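The chain contents come next:
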Amino acid sequence: MFDKLDQIFVTLKHLVMGHLPAAWQPLASAVISIALIPIVFPGLFAIVTVIERKGLGRIQNRYGPNRVGPFGFLQFVADGIKALIKEDVVPRAADKMVHFLAPVMMLIPVLLAYAVLPFGRKMVVADYDAGLLFFFAVGGGVELSVFMAGWSSRNKYSLLGAMRAIAQMISYELPLILSAVTVVMMVGSLNLSEIVKHQNQYTFGIAHWFVFSPWGLAGFLLFLVASLAESNRTPFDLPEAESEIIAGYFTEYSGFKFALFFLGEYLGMFAISGLGITLFLGGWTAPFSFLTWIPSYVWFLSKLLGIVFVFIWIRGTLPRLRMDQLMNFAWKFMLPLALINIVVAGIWHYMGPDWPRWLVCSAILACAYGLLGLGLMHNQKLGKRIYRYAE
Amino acid sequence: MSLFLVITFVVTLLAAVAAMSLRNLVHCALMLAIAFSGIAAAYLQLNAEFAGFTEILVYVGAIAILIVMAILLTRSGEAPEKSVLTSGWLAGVVVTVMVFTTLGWAVLNSTALPPPPVEAPQATVKNIGDMLMTRYILPLEIIALMLTAAMIGAVIIAFKEDGKSKSSQGNETPIQIGNQPEPLPAGSVESRKEGVA
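Residues numbered from 1 in each chain as written. Chains lettered and ligands numbered in written order. Predicted model: local features only at pLDDT ≥ 70, side-chain atom pairs only at ≥ 80, totals over all residues.

**What about the overall build of chain A?**
Basically, it comes down to this: Helix numbers and strand numbers start at the N terminus; a helix is a DSSP run of H or I with at least 4 residues, a strand a run of E with at least 2. In this treatment the radius of gyration is a C-alpha quantity, and the globule benchmark scales as 2.2 Å times the residue count to the 0.38 power. Buried residues are those with 20 or more other C-beta atoms within 10 Å of their own C-beta, exposed residues have 12 or fewer, and partly exposed residues lie in between; C-beta atoms are placed from the backbone. Here, residue contact means that the backbone-derived C-beta atoms of the two residues sit within 7 Å.
When its secondary structure is counted, chain A shows 14 helices and two strands. Computed over its C-alpha atoms, the radius of gyration of chain A comes to 23 Å, within 12% of the 21 Å expected for a compact globule of 391 residues. Oriented by its inertia axes, the alpha-carbon framework of chain A measures out at about 65 × 65 × 40 Å. Counting across all 391 residues of chain A, residues that qualify as buried make up 42%. When contacts within chain A are restricted to residue pairs at least 6 apart in sequence, long-range pairs at least 24 apart make up 77% of them.

**Some details on the overall build of chain B**
Within chain B, the regular secondary structure consists of seven helices and zero strands. Tracing chain B from N to C terminus, the helices and strands come up as α-α-α-α-α-α-α. Across the 197 residues that make up chain B, the buried fraction comes to 14%. Considering only contacts in chain B between residues 6 or more positions apart, those separated by 24 or more positions represent 57%.

**What to know about the packing of helix 7 (residues 156-187) of chain A against helix 13 (residues 323-350) of chain A**
All names here are of chain A. Selection criterion: Angular values range over 0 to 180 degrees, each being the angle between N-to-C directions of two axes fitted as lines to C-alpha atoms, with helices fitted over their stretch in contact. Angle categories: roughly parallel below 35 degrees, roughly antiparallel above 145, roughly perpendicular from 65 to 115, and oblique for all the rest. Asp, Glu, Lys and Arg are counted as charged, while Ala, Val, Leu, Ile, Met, Phe, Trp, Tyr, Cys and Pro are counted as nonpolar; the rest, among them Gly, fall into the polar class.
Between helix 7 and helix 13, the shortest axis-to-axis distance is 9 Å and the interhelical angle comes to 10 degrees. Classified by the angle between their axes, helix 7 and helix 13 sit roughly parallel to one another. Class assignment of the residues belonging to the contact of helix 7 with helix 13 gives a composition of 18 nonpolar, seven polar and one charged.

**Considerations on the nonpolar core**
Nonpolar side chains in soluble globular proteins tend to end up buried together. Which entries qualify depends on this criterion: For our purposes the nonpolar core covers buried Ala, Val, Leu, Ile, Met, Phe, Trp, Tyr and Cys residues that link as a set through C-beta atoms within 7 Å.
Membership of the largest hydrophobic core comes to 122 residues, with the highest contact counts inside it found for A162 and M334 of chain A together with A64 of chain B. Look past the residues within four positions of A162 of chain A in its chain and what remains in contact with it is V146, F147, A149, G150, W151 and Y249 of chain A.

**Details of the interface of chain B and chain A**
Contact with chain B, which involves 31 residues of that partner, is made by 34 residues of chain A. Those elements giving two or more residues to the side of chain B that touches chain A turn out to be helix 2 (25-45), helix 3 (49-74), helix 5 (125-133) and helix 6 (137-159) of chain B. Within the side of chain B that touches chain A, the residues separate by chemical class into 20 nonpolar, six polar and five charged.

**Quick notes on helix 13 of chain A**
All names here are of chain A. Where we set the bar: Expected span of a helix, by definition, is 1.5 Å for each gap between consecutive residues, and there is one gap fewer than residues. Fitting axes to the seven residues ending at a residue and to the seven starting there, one defines the bend at that residue as the angle between these axes.
In this model, helix 13 (28 residues) spans 40 Å end to end at C-alpha, consistent with the 40 Å of a helix rising 1.5 Å per residue. Along helix 13, the sharpest change in direction is near 30 degrees and occurs at M334; proline P336 comes one to four residues later. One or two positions beyond helix 13, positive phi appears at G352, with a value near 85 degrees.

**Considering the domain arrangement of chain B**
A common way to report how large an interface is uses the accessible area buried once the components associate. Defined as follows: A domain assignment, automatic or from a database, supplies the domain bounds used here.
The domains assigned to chain B are domain 1 (1-77) and domain 2 (120-159). Averaged C-alpha coordinates put domain 1 of chain B and domain 2 of chain B at centres separated by 24 Å.

**As for helix 6 of chain B**
Given a rise of 1.5 Å per residue, 23 residues ought to cover 33 Å, and the 32 Å separating the end C-alpha atoms of helix 6 of chain B matches this to within 8%. For helix 6 of chain B, the buried fraction is low: zero of the 23 residues fall into the buried class.

**Describing unusual backbone geometry**
Of note, N232 of chain A is a non-glycine position whose phi angle comes to about 55 degrees, a positive value. The residue N232 of chain A is located in the loop between helix 9 (214-230) and helix 10 (242-245) in this model. For N47 of chain B, which is not glycine, the phi torsion reads 65 degrees and is therefore positive. Tracing the sequence through the fold places N47 of chain B in the loop between helix 2 and helix 3. Looking at N47 of chain B, the number of C-beta atoms within 10 Å reads 12, which means it is exposed.

**With respect to the environment of M20 of chain B**
Mapping M20 of chain B onto the fold places it in helix 1 (residues 3-21). In sequence terms M20 of chain B and L32 of chain B are 12 residues apart; their C-alpha atoms lie 8.6 Å from each other.

**Considerations on the packing of helix 5 (residues 96-113) of chain A against helix 6 (residues 131-152) of chain A**
Residue and element names in this part refer to chain A. For clarity, the threshold we go by: Here is the rule for handedness: rotate from the far helix to the near one, and if that takes an anticlockwise turn smaller than a right angle the crossing is left-handed, while a clockwise turn gives right-handed.
Look at helix 5 against helix 6: their axes get within 8 Å of each other, and the N-to-C directions meet at 165 degrees. With respect to helix 6, the axis of helix 5 lies roughly antiparallel. Handedness of the helix 5/helix 6 crossing: left-handed. On helix 6, the residues that touch V98, H99, L101, A102, M105, M106, I108, P109, V110, L112 and A113 of helix 5 are F135, V138, G139, G141, V142, L144, S145, M148, A149 and S152. Its residues placed into classes, the contact of helix 5 with helix 6 shows 16 nonpolar, five polar and no charged.

**Some words on the environment of M1 of chain A**
All names here are of chain A. Following the sequence through the fold, M1 ends up in the segment before helix 1 (2-6). Using a count of 6 C-beta atoms within 10 Å as the deciding quantity, one classes M1 as exposed. Distance from M1 to W293, taken between C-alpha atoms, is 9.4 Å for residues 292 residues apart in sequence.

Right, dumping it as structure tokens:
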């Protein structure tokens, strides 16, 4: 019974396809699989915006939206209608064509990235052998669209925001990819379904998730921080720092184009969290063997919401970094640590399944963390901040 | 050749021509990105998955961004008034066509090339990985070492922060922009400044 519930979407799809003539079936299969992505994830986006505003409100001791619908949970409908009926202002000096194409260009790569993510057992749209490579490859399109938006607006704030965004995305892509490399080394495949399958084993009832090992934990934390930066979230939201450059690269966008940027940003965040889940948190697998009866897609979505909750929590807690701190952190701390983590993963693989490898790998990582942290804080004159007030 | 492949080639060639002939440099860079994506799409339709993805990762994700950043950092991006084509472009086209025809004729009639294999080789990701790890392990290792060394070298150069440049900034006279506001009476602002010890 639980198996049927687990495969309910796959069964439904086959049921629909059974009624179609055989010539249409490949096309219908593709359309049904693809159609789910732009339905489910923008829906999730709508819900997450409300949850984020409520959560931030809770953190900042206020109510958050509470007028539309029960407890304000229908706020996203009002926001969507507002975005649709607002005037679309295009600056006179703007490069009209590029200005128009930028928000569309932002959404395409982000939606493409979902194609290779396994959402559940046998639920993946395009099971490429080089799925991980595909995910990182299409990510490059986002940078180009950010540049298009910033440059075409002919606004110095937009241009500054775009340059910040590109510099940040390029810098954090390195630790992101290098932390994912460890998983590829262990599994020996770039296929994301294969990576999930490798983690779908249980010892003493606990899953073989990669996060339950020293290199996996380090890799997951590196991946999490880098994905925060890649999706321009606080504390790495310099490209759209409101207090400095208004709204960064989408300063000159209004109405639904603005909403598209907003959507693209959140969809990008979900996609990269989904990749993090697939690589380190076992994808759609259950953490304990006695919980495997819960459908696989429920696990995937709950893990995704869990990571999004952490992102909201971080946004409510940490202040924004300065540009030089951001760059220093990426190049002087995360990049060396990611390189060391690759070496540690190699050591882990060749030391055999005994307990010494736990000790050695953890010790190397802890030492590297400490030394790199000391190096980063060297000459920074960090200390207790002293305030002086007027009498 | 399938219809989709022909469309891909036409789009790629048009984008490449636009990348050469448009006046605005940024438009040229964006067109170049489209041409790169077209080449990647052609690879994908020829079942060369790995090559296609790598093309996008390297050329669209890195090279196009590099070009765009170079344009941003060097010039204002204003389009030139007159056409970018030189007056002798017709002669250039004639010479190019002649050279291309000669080269193509020479390559097609050459006996130095081995005859094309009857059966297309299987270029799956697994095969490429196996070849990289066995037959081409030495070039791979050399490239990997060089890139890692370059990366670590860059980080080590950046690791030393010279305190001089920071302290000298305070002595420079600030750039005057527009009407400067009158300085406030002493004591009101000074005492409120945050001191970071």
